[in-house]
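Summary of structural features
Spelled out, the chains give:
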Amino acid sequence: MRMNNERLVKTMNHSIRITVFGSLIMIAGLCAASSLRAAQDSPQDGAAALIQEIKSKGWILYCARSDNGSWDLFASRPDGSHKRNITNTPDFEEAAPLLSHDNQKLLFRRLPKGATIDHDLWGFQGRLIVADADGSNPRALGEDKEFPWASWSPDGRRIACLDRKGIHIVDVQSRQTIRSLPRKGIYQQLFWSPDGKWFTGTGNHAGAQWSVVRMDALTGELNPIVTFQSCTPDWRPDSNRIIFSSRPANQSPTNSYGWTQLYIADGDGQNMQLIYGEDGFHIYGGVLSPDGAYALFTKCTADGGGAEEAGAPMCIMRMSDAPVIAGPSPFLEPKYPGANSGPVAPLTGGWEPIWTYAELFSE
Amino acid sequence: MKNRLHAVLLFLCLICISCSPKSDDGEDPRVTSMGRFEITAQLLEIPEPFPDIPLYDYAYVLKYKVLTVHRGALDADVLYVAHYNPLKPRDQVADVRSGDIGGNLKKIKAGGVHRMALDEPIDDFYMGGIINKYFEQETGPIYWALWTNQVIQ
């Protein structure tokens, strides 16, 4: 009986040891898996994965300060690699590239050396330049301040311009105005939709300034998208939705009048959704990748997007991750409880970027 | 004694007269020549405080009671006039966006009487943000204030 008891105790000790050892291995395994998952989910790893995902998806074009201090046009892969100065004109300031929808031609504005780019008035400034898509063969389309706020028609043969007298459709070859229509309060940032059926712009609507509106390009009929503190609209490639910057009222009092976020809405103004917001930054220059899968924008601590200085850091995020709220935001978090915190791929400084999947340059 | 009192009163009256602002009808070569319309009008109200964000330019629509029509065919007792960047003195307000505007009015206050050179439609003269708190009312055309002088009555 004693022998049996000793054996029983021995057997029990052995079982306990095996159980404890097994449990330790399981706990260690769980910890390892958990930390691995945490590492994969960390903002740095998420951004690294995003950078890998986008690095070969065409090119982004933007304006930025060159080494000599003047504004030039640059191109880089979406991950920031293979950056190149595509205008390299130290005697001019060049800004606001806009590719034709067939990726053949480039529009931008050329200002006298030393001129300050105005974040609101840039479309009126300098001469309109048309060049090949890679920036070569630049030629002036008009004189100083001519063809303001020019944007491409779907076939690249015409441009829509905006001045006090209205919206004008201009034939690029002959430089003749083919058709004009009233601007109905639109005062800046006119962009023609890729399908040619619409304009979007920033204007006055229903007594409110800084409204983003959509106009039927044929009839001139206009509908609001948002009528409070909004601007810099641009089109989703399908021409059905509009991406824009907006600064809602009554935000947390971390600055005098709130922060500017990036939103998207249907062309009729419905289904407005947050894309990206970050307290402490104003988000401007939002555009979508050619397939609409990614958003490219600038984030600037100073309002205005940095045009008067040296631009602002550019960023890329997946639209499937939207809404993204980076950092704490007492105003945005309660409104978007399911928002993600990223990932966001940070890029170099620039202003008014655009994105093409066309292989405009060789690496 | 009586003569001395009269002298003191006369002296005080002279001081009052000399210290009171001189009347000024606001006429000058710019206000009498710019735009198609020229009026003297009283600003009836300022609907809400003017936004004070120096980064953003805007025009603000204000409601005036017309006192005198100097030039142009205007048949209205009340006019709606847009002033550019209304927080700035009129002689410092002109810039690239506004074009040639100005005047000697230092501060826009409700009740003030202004002599103004005006034109319309505003979209032919100004391309920028417009705050119009009277949007839902029947206002007629919004006039653009080209030149705004203070009137002292």
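1. Focus on the overall build of chain A
Check the secondary structure of chain A and you find three helices and 24 strands. Of all 363 residues assigned to chain A, the portion counted as buried reaches 53%. Summarising the internal contacts of chain A: among those between residues at least 6 apart in sequence, 47% fall at separations of at least 24. Summing over all exposed atoms, chain A offers an accessible surface of approximately 16200 Å²; the carbon and sulfur share of this is 54%.

2. Description of the sheet that holds strand β22 (residues 312–318) of chain A
Residue and element names in this part refer to chain A. Pairing is antiparallel across the open sheet formed by seven strands, whose spatial order is β3-β2-β1-β24-β22-β21-β20. What marks the edges here is a single partner per strand, and that holds for β3 (84–85) and β20 (282–288). Note: β22 against strand β24 (residues 345–356), four bridges, orientation antiparallel. Counterpart to Cys315 in the pairing with β24 is Pro346.

3. Observations concerning the packing of aromatic side chains
Residues and elements named next belong to chain A. Tallied over the full model, the rule gives 19 aromatic pairs over all chains. Ring plane angle 85° and centroid distance 5.6 Å describe the contact between Phe124 and Trp149, whose orientation is recorded as edge-to-face. Residue Phe124 is found in the loop between β5 (105–112) and β6 (127–132), and its partner Trp149 is found in the loop between β7 (139–140) and β8 (151–152); the two are separated by 25 residues along the sequence. By relative accessible area, which is 2% here, Trp149 ends up buried.

4. Here we look at the interface of chain B and chain A
Between chain B and chain A, the residue contacts involve 19 residues of the former and 23 residues of the latter. Summed over both partners, the interface of chain B with chain A buries about 1800 Å², with 55% contributed by carbon and sulfur atoms. Contact with chain A buries surface across chain B, with Tyr56(B), Arg97(B) and Met127(B) losing the most and accounting together for 41% of the total. At the junction of chain B and chain A, the tally comes to one salt bridge. In this structure, Arg183(A) engages Asp123(B) in a salt bridge whose closest nitrogen and oxygen atoms are separated by 3.5 Å. The interface formed by chain B and chain A includes 10 residue pairs in polar contact (both at pLDDT 80 or more).

5. Comments concerning the state of the cysteines
Two cysteines joined by a covalent bond between their sulfur atoms form a disulfide. A full pass over the atoms with the stated rule returns zero disulfides over all chains. Of all cysteine sulfurs in the structure, the one in Cys300(A) sits closest to Cys315(A), which takes part in no disulfide; the separation is 11 Å.

6. Topic: unusual backbone geometry
In most cases, non-glycine residues show a negative phi, while peptide bonds are predominantly trans. Residue and element names in this part refer to chain A. Look at the link from Ala322 to Pro323: it is a cis peptide, with omega at 0°. Relative to the assigned elements, Pro323 resides in the loop between β22 and β23 (324–325). Geometrically, the link from Gly342 to Pro343 is a cis peptide bond, its omega value of 0° lying close to zero. Checked against the element boundaries, Pro343 lands in the loop between α3 (332–335) and β24. One non-glycine residue, His82, lies in positive phi territory at about 55°. Positionally, His82 belongs in the loop between β2 (71–76) and β3.

7. Digging into the confidence of the model for chain A
Averaged over chain A, the pLDDT score is 89; the fraction of residues at 70 or greater is 87%. Note that pLDDT drops below 50 for residues 1–5 of chain A; the model gives that stretch zero contacts with residues more than four away or on any other chain.

8. Some thoughts on the nonpolar core
All names here are of chain A. Ranked by size, the top nonpolar core spans 45 residues in total, and within it Leu61, Leu106, Ile117, Ile167, Leu190, Phe199 and Trp351 carry the most contacts. A per-element tally of this core places strand β12 (residues 186–192) first, with four residues. With 26 residues, the next largest nonpolar core counts Phe147, Ile159, Val212 and Ile325 among its residues.

Calculation criteria
- Residues numbered from 1 in each chain as written.
- Chains lettered and ligands numbered in written order.
- Predicted model: local features only at pLDDT ≥ 70, side-chain atom pairs only at ≥ 80, totals over all residues.
- Heavy atoms only, no water.
- Helix = DSSP H or I, 4+ residues; strand = E, 2+ residues; numbered from the N terminus.
- Buried < 20%, exposed > 50% of the residue type's maximum accessible area, 1.4 Å probe, protein only.
- Contact = heavy atoms within 4.5 Å.
- Areas by Shrake-Rupley, 256 points an atom, 1.4 Å probe, with all protein chains shown as cover.
- Pairing = 2+ DSSP bridges.
- Phe/Tyr/Trp six-rings, centres within 6.5 Å; stacked < 30°, edge-to-face > 60°.
- Buried area = accessible area lost by both parts, 1.4 Å probe.
- Salt bridge = Lys/Arg side-chain N within 4 Å of Asp/Glu carboxyl O.
- Polar contact = N/O pair within 3.5 Å; in protein donor to acceptor, adjacent residues only side chain to side chain.
- Disulfide = S-S within 2.5 Å.
- pLDDT = per-residue confidence, 0-100.
- Core = buried A, V, L, I, M, F, W, Y, C linked by side-chain atoms within 4.5 Å.

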